[in-house]
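Chain by chain, the residues run as shown.
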Amino acid sequence: MAENISQRYELRLRAHPRILADIRRAVAARLRLWGREELISAAGMCVTELLSNVHKHAASPECVLTLENLPHGIHAAVSDNESGLPVVKEPDFLSESGRGMFLLSKTAHDWGTDLTPTGKTVWFTLRAEEVEP
């Protein structure tokens, strides 16, 4: 009998640069459990960007990271208590910052923001590509 593995993972955390490597490892472990190894690198980069934005722009570092395993890939979201929406800017490649949402927008198959009664949720989806034999 197959073990019933939850197709949803939720982590409440305080966004801070010190924890980003641990969060990427947790995301990688969950994606491995779901058989989504090919999405680990892209998911790690996108999640890191969303959590970095919470740390830099939200009044409170409290947030919730949610991952969902879908038939075609994964859906990830970070919810925080800030209503200000992220902005994708044309990157200045000489600058040390400001490229994250641009990179996320080019990496994720789809992404967006939803205002909530307590702030916002920024989400993205990554699709698993069919590998031709």
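Read on for a plain summary of the structure. Just so we're clear, the structure is a prediction, and the values are computed from it rather than from any experiment.

## Brief notes about the overall build of the protein chain
Broken down by element type, the protein chain carries three helices and five strands. Moving toward the C terminus, one meets the helices and strands of the protein chain in the order β-α-α-β-β-α-β-β. Within the span of the protein chain, comprising 133 residues, buried residues form 41% of the whole. Considering only contacts in the protein chain between residues 6 or more positions apart, those separated by 24 or more positions represent 63%.

## Remarks on the sheet that holds strand 3 (residues 73–80)
Ordered by their spatial adjacency, five strands build an open sheet running 1-2-3-5-4, and the pairing between neighbours is antiparallel. The sheet is open, and its two borders are formed by strand 1 (8–14) and strand 4 (110–116), each paired with just one other strand. Sheet twist, expressed as the average angle between the axes of neighbouring strands with direction ignored, equals 15 degrees. Note that strand 2 (residues 62–70) and strand 3 share eight bridges and pair antiparallel. The partner of Thr66 across the bridge, within strand 3, is Ala77.

## Remarks on the pairing of strand 3
Among the eight residues of strand 3, seven are classified as buried, and the element is accordingly described as predominantly covered. The pairing of strand 3 with strand 5 (residues 119–127) spans eight bridges and is classified as antiparallel. Within strand 5, the residue paired with Gly73 across the bridge is Arg127.

## Structural notes on the packing of helix 1 (residues 20–33) against helix 2 (residues 40–57)
For any two helices packed against each other, the geometry is given by the interaxial angle and the distance between the axes. Two elements in contact, helix 1 and helix 2, have axes whose closest approach is 9 Å; the angle formed by their N-to-C orientations is 140 degrees. Classified by the angle between their axes, helix 1 and helix 2 sit oblique to one another. Considering the relative orientation of helix 1 and helix 2, their crossing is right-handed. Facing Leu20, Ile23, Arg24, Val27, Ala28, Leu31 and Arg32 of helix 1, the residues of helix 2 in contact are Ile40, Ala43, Gly44, Val47, Thr48, Leu51 and Ser52. In terms of residue class, the contact of helix 1 with helix 2 is made up of nine nonpolar, three polar and two charged.

## A closer look at the pattern of salt bridges
Within this structure, the stated rule accounts for six salt bridges. Between Glu68 and Arg8 there is a salt bridge, with its nearest N and O atoms 3.8 Å apart. Taken together, the residues Glu68 in strand 2 and Arg8 in strand 1 connect sequence positions 60 residues apart. On the basis of relative accessible area, Glu68 is assigned to the partly exposed category, the value being 26%.

Conventions used here
- Residue numbers here run from 1 along each chain, matching the order of that chain's written sequence.
- Only residues with pLDDT of 70 or above have their local features reported here, since the model is predicted, and side-chain atom pairs are shown and tallied only from 80 upward, although totals for entire chains, interfaces and linings are computed over all residues.
- Just so you know, side-chain values use all the structure's heavy atoms and leave hydrogens and water out.
- Think of it this way: any DSSP run of H or I at least four residues long counts as a helix, any run of E at least two long counts as a strand, and we number them from the N terminus.
- Burial classes: relative accessible area under 20% of the type maximum marks a residue as buried, over 50% as exposed, and values in between as partly exposed (1.4 Å probe, protein chains only).
- When checking whether two residues touch, look at their non-hydrogen atoms; a contact exists if any pair is within 4.5 Å.
- When DSSP finds two or more bridges between a pair of strands, those strands are recorded as paired.
- Comment: axis = line fitted to C-alpha atoms, over the contacting stretch for helices; angle = value between 0 and 180 degrees taken between N-to-C directions.
- For classification, angles of less than 35 degrees are called roughly parallel, those exceeding 145 degrees roughly antiparallel, those between 65 and 115 degrees roughly perpendicular, and all remaining angles oblique.
- By definition, any crossing whose near helix is turned counterclockwise from its far helix by less than a right angle is left-handed, and any crossing with a clockwise turn is right-handed.
- Polar here means any residue other than Ala, Val, Leu, Ile, Met, Phe, Trp, Tyr, Cys and Pro, which are nonpolar, and Asp, Glu, Lys and Arg, which are charged; Gly is therefore polar.
- Only one rule defines a salt bridge in this text: a Lys or Arg side-chain nitrogen within 4 Å of an Asp or Glu carboxyl oxygen.

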